[in-house]
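Structural overview
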Amino acid sequence: MSRTTRRSSSLLRAAAVTGIAALTLTACGSGSGSTSAGSGSGEVKVGLITKTDTNPFFVKMKEGAEKAAKAEGVQLMTAAGKFDGDNAGQVTAVENMVASGVKGILITPSDSKAIVPAIEKARAKGVLVIALDTPTEPQSAVDALFATDNLKAGELIGEYAKAAMKGKTAKIAALDLAPGVSVGVQRHNGFLKGFGATDKDVACAQDTGGDQSKGQTAMENCLQKEPGINVVYTINEPAALGAYTALKAKGREKDVLIVSVDGGCTGTRAVKEGKIAATSQQYPLKMAAEGVKAVVSYAKDGKKASGYTDTGVTLISDKAQDGVTSKDTAYGLENCWG
């Protein structure tokens, strides 16, 4: 969830004093750094910390933050974990951004629980902290959450899959994220709710980490366990494409329904090509842009954003089903990311 950034000479001088150099080397990995938008020593600083710097979802999120920062005339600093789950890297990023004087931090937590102490320390120093995409546990650990309703995203593809099966008995494979990750849990539970099923109805469940190669392996394992699988729920589109590859190798790609979540451009094209039946599209650029605006508002008038802001989700499919609201891939490709 790759990014490259440019630093102004003034930001580099500031880095020597505040420790942003450490942020770049320790928390960000080789592909991350900090970006300056605007100038002047008194400008507002906004921090953006994502899970990684390689996923297109987070690339688009950063793009949204950069555009908003430029429009608002504020300075944006960015960082990312070296890998999905790099809580230590995110903690270091939070600490260094606080030391640099940011007014607010936007973060997609790699570990929803383990990041909380670092966030609490930041908030105690007057920094506004907004979670993007992934809620903390508890959600109240941050000032606000700007995210997709992941339960609804899952529910939409569950309803679609149920309608598309047209009464046929379903043998479900669930290609999940990882144990305890809130986004994965919500999408999984939403799918089951929309389909009218429970975990007892799932013939095979495998974790994929949202990775395409792991999705392929998971699908291969599920087909060995239950060759009659005919519905596949996947945590995201890379996992879905991995499942499709495994199914195609068995000659099953035409008779198994795959549904997913994300709405990236690659995934949306896969829907258009018939590899994925439907996906729930989310909007990372909007999450980040709204987050930057919230920090700027806080800097201007001291008013903190609070609670949950739903940044929207749309079911995308070229094979509409009765009773299920959706838009086609033309709309999806106009609004996709990556």
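For clarity, every value in this text was computed on a predicted model and none was experimentally measured.

Attention now goes to the state of the cysteines. Applying the stated criterion across every chain, the model contains 2 disulfides. One disulfide in the model links C204 with C222; its S-S distance is 2.2 Å. Linking C204 and C222, the disulfide has an S-S dihedral of approximately -75° and is accordingly described as left-handed. Taken together, the residues span a long stretch of sequence, with C204 in strand β7 (residues 202-207) and C222 in helix α8 (residues 212-225) at a distance of 18 residues. Each of the two residues, C204 as well as C222, counts as buried. Residue pairing for C265: its cysteine sulfur links by disulfide to C336, the two sulfurs lying 2.0 Å apart. Since a negative S-S torsion denotes a left-handed disulfide, the C265-C336 link at about 90° is right-handed.

Let us now look at the sheet that holds strand β1 (residues 45-50). Strand order in the open sheet made by the 6 strands is β2-β1-β3-β4-β5-β11, with parallel pairing throughout. The open sheet has two edge strands with one neighbour each: β2 (75-80) and β11 (307-310). When strand polarity is set aside, the average angle formed by the axes of neighbouring strands in this sheet is 20°. As paired elements, strand β3 (residues 104-107) and strand β4 (residues 128-132) share 4 bridges and run parallel to each other. Bridge pairing links I105 to V129 in β4. Helix-sheet contacts for helix α3 (residues 56-72) involve β1, β2 and β4, and the interaxial angle to β1 is about 175°.

Formed by 28 residues in total, the largest nonpolar core has its most connected members in Y160, F191 and V259. Those elements that provide at least two residues to this core are α6 (150-165), β6 (172-176), α7 (182-195), β8 (231-234), β9 (257-262) and β12 (313-316). With 7 residues, the single largest contributor to this core is α6. Apart from the residues lying within four places of it in its own chain, the contact partners of F191 are G154, E155, I157, G158, A161, I172, V231, Y233 and V259. Ranked by size, the runner-up nonpolar core spans 26 residues in total, among them F57, L76, V295 and W337.

A few words on the layout of surface pockets. Space inside the largest pocket adds up to approximately 460 Å³. Of all the secondary-structure elements, those providing two or more residues to the lining of the largest pocket are α6, β9 and α10 (265-272). Among the elements that take part in the lining of the largest pocket, α6 stands out by supplying 3 residues, more than any other. Here the lining of the largest pocket is composed, by residue class, of 10 nonpolar, 4 polar and 9 charged. Estimated volume of the second largest pocket: approximately 220 Å³. Of all the secondary structure elements, the ones that give two or more residues to the lining of the second largest pocket are α9 (237-249) and α10. The residue makeup of the lining of the second largest pocket, split by class, is 5 nonpolar, 6 polar and 2 charged.

Moving on: the sheet that holds strand β10 (residues 278-282). Strand order in the open sheet made by the 6 strands is β7-β6-β8-β9-β10-β12, with mixed pairing throughout. Looking at strand neighbours, the two that pair on one side only are β7 and β12, the edges of this open sheet. Here the average twist between neighbouring strands, direction ignored, is 15°. Pairing of β6 with β8, which is carried by 4 bridges, proceeds in the parallel orientation. Bridging from a neighbouring strand, L175 pairs with T234 of β8. Strands β6, β8, β9 and β10 of the sheet are contacted by α9, whose axis makes an angle of about 160° with β9.

Moving on: the pairing of β2. The buried fraction of β2 is high, at 6 of 6 residues. Bridge analysis of β1 against β2 gives 6 bridges, and the strand direction is parallel. Among the inter-strand pairings, T50 is bridged to a residue of β2, identified as A80.

In this section: the packing of α6 against α7. The packing of two helices is summarised by the inter-axis angle and the distance between the axes. Packing of α6 against α7 leaves a shortest axis separation of 6 Å and a crossing angle of 35°. For α6 against α7, the interelement crossing comes out right-handed. Contacts from N150, L151, G154, E155, I157, G158, E159, A161, K162 and M165 in α6 reach V183, Q186, R187, N189, G190, F191, K193, G194 and F195 in α7. Residue classes in the contact of α6 with α7 are distributed as 7 nonpolar, 7 polar and 5 charged.

Parameters at a glance
Residues numbered from 1 in each chain as written. Predicted model: local features only at pLDDT ≥ 70, side-chain atom pairs only at ≥ 80, totals over all residues. Heavy atoms only, no water. Disulfide = S-S within 2.5 Å. Helix = DSSP H or I, 4+ residues; strand = E, 2+ residues; numbered from the N terminus. Buried < 20%, exposed > 50% of the residue type's maximum accessible area, 1.4 Å probe, protein only. Pairing = 2+ DSSP bridges. Axes fitted to C-alpha atoms, helices over the stretch in contact; angles between N-to-C directions. Contact = heavy atoms within 4.5 Å. Core = buried A, V, L, I, M, F, W, Y, C linked by side-chain atoms within 4.5 Å. 1 Å grid on protein atoms, 1.4 Å probe; cavity = no way out; pocket = protein on both sides within 12 Å on 5 of 7 lines; lining within 4 Å. Points joined across faces, edges and corners; volume = space filled by probe spheres on them. Nonpolar A, V, L, I, M, F, W, Y, C, P; charged D, E, K, R; others polar. Left-handed = near helix turned anticlockwise from the far one by under 90°.

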